[in-house]
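# What the coordinates show
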Amino acid sequence: MASIEGEFRRYRALAEGAFRQLSEAQLGQLTGAGDNSVATIAWHVAGNLRSRFTDFLTGDGEKPDRDRDSEFLSRQLTHAALLAFWSGGWDLLSAALADLSDLDLARTVTIRQQPLSVTEALHRSLAHASYHVGQIVFLAKQLCGPAWVSLSIPPGQSAAYNASPTHDRPPGS
């Protein structure tokens, strides 16, 4: 459980590091026809986390009141509004994870009426979040251009980093 929690924290921190580098206009900016903005992807991730981790062990992870399609609508948001919705999803995840122990990993949960072990559900959710966080970081880097500040080891600094690694553990570990 500790490693799963740590990886979720790592991906949340990466996305939030990307958000901080964007203007409010850039949060909602599209890079091409049919693309999603950083705000749209973040809204979807938060909506997914809200659905999956509300009543995680007792209810279906796809809640009947979730409107997944609306998560993909284009939206212009302030940083505060984006972070409020984003944090709501992540806070539900954190609360659900805090209530779990390693003994719970073999239990069964349901997502879209399909039974999964808690381990499978958590790995699936972690993969989903990391996939979309990668999109967020990629888009933010494109939008920032040369002003982008690396969220990991900056190009050309691997040797210095390896001499004194500082990002090998997610925040809070």
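Residues numbered from 1 in each chain as written. Predicted model: local features only at pLDDT ≥ 70, side-chain atom pairs only at ≥ 80, totals over all residues. Heavy atoms only, no water.

## Thoughts on the side chain of Arg-66
With respect to the helices, strands and loops of the structure, Arg-66 is situated in the loop between helix 3 (38-53) and helix 4 (68-71). Exposure remark for Arg-66: the relative accessible area of 13% places this residue in the buried category. In this structure the side chain of Arg-66 is engaged in a polar contact, spanning 2.7 Å, whose partner is the side chain of Glu-71. Beyond its immediate stretch of four places on either side in the chain, Arg-66 contacts His-44, Gly-47, Asn-48, Ser-51, Arg-52, Glu-71 and Arg-112. (Helix = DSSP H or I, 4+ residues; strand = E, 2+ residues; numbered from the N terminus. Buried < 20%, exposed > 50% of the residue type's maximum accessible area, 1.4 Å probe, protein only. Polar contact = N/O pair within 3.5 Å; in protein donor to acceptor, adjacent residues only side chain to side chain. Contact = heavy atoms within 4.5 Å.)

## Quick notes on the pairing of strand 2 (residues 114-117)
Note on strand geometry: in a regular strand, side chains alternate between the two faces of the sheet. Sheet analysis places strand 1 (residues 108-111) next to strand 2, joined by four bridges and oriented antiparallel. Residue Thr-108 lies in a different strand from strand 2, and its bridge partner there is Ser-117. Taken together, strand 1 and the strand that follows it, strand 2, pair antiparallel across an intervening segment of two residues, in which Arg-112 is found at a positive phi of about 50 degrees. (Pairing = 2+ DSSP bridges.)

## Digging into the packing of helix 3 against helix 6 (residues 118-144)
In contact at an axis separation of 9 Å, helix 3 and helix 6 are set at 165 degrees when each is read in the N-to-C sense. The angle between the axes of helix 3 and helix 6 places the two elements in the roughly antiparallel class. Where helix 3 crosses over helix 6, the two elements pack in a sense that is left-handed. Residue-level inspection shows Val-38, Ile-41, Ala-42, His-44, Val-45, Asn-48, Leu-49 and Phe-53 of helix 3 in contact with helix 6, the latter providing Leu-122, Ser-125, His-128, His-132, Gln-135, Ile-136, Leu-139, Ala-140 and Leu-143. Among the residues making up the contact of helix 3 with helix 6, the classes are represented as eleven nonpolar, six polar and no charged. (Axes fitted to C-alpha atoms, helices over the stretch in contact; angles between N-to-C directions. Parallel < 35°, antiparallel > 145°, perpendicular 65-115°, else oblique. Left-handed = near helix turned anticlockwise from the far one by under 90°. Nonpolar A, V, L, I, M, F, W, Y, C, P; charged D, E, K, R; others polar.)

## Focus: the packing of helix 1 (residues 2-20) against helix 5 (residues 79-98)
Contact geometry of helix 1 with helix 5 gives a least axis separation of 11 Å together with a crossing angle of 175 degrees. By the angle between their axes, helix 1 is roughly antiparallel relative to helix 5. For the pair formed by helix 1 and helix 5, the contact residues are Glu-5, Phe-8, Arg-12, Ala-15, Glu-16 and Phe-19 on the first element and His-79, Leu-82, Leu-83, Trp-86, Ser-87, Trp-90, Asp-91, Leu-93, Leu-97 and Ala-98 on the second. Class assignment of the residues belonging to the contact of helix 1 with helix 5 gives a composition of ten nonpolar, two polar and four charged.

## Overview of the environment of Gly-17
Mapped onto the elements, Gly-17 comes out in helix 1. Linking Gly-17 and Ser-150, residues 133 residues apart in sequence, is a C-alpha distance of 9.2 Å.

## Focus: the packing of aromatic side chains
Inspection of the entire model under this criterion finds five aromatic pairs. Considering the side-chain rings of Trp-43 and Phe-85, the 3.8 Å spacing of their centres and the 10 degrees angle between planes classify their relative orientation as stacked. Here Trp-43, found in helix 3, pairs with Phe-85, found in helix 5; they are 42 residues apart in sequence, far enough to count as distant. The buried category is assigned to Trp-43, whose relative accessible area is 18%. Cation over ring: Arg-50 sits above Phe-85, and NZ or CZ is 4.2 Å from the ring centre. (Phe/Tyr/Trp six-rings, centres within 6.5 Å; stacked < 30°, edge-to-face > 60°. Lys NZ or Arg CZ within 6 Å of the ring centre and 35° of its normal.)

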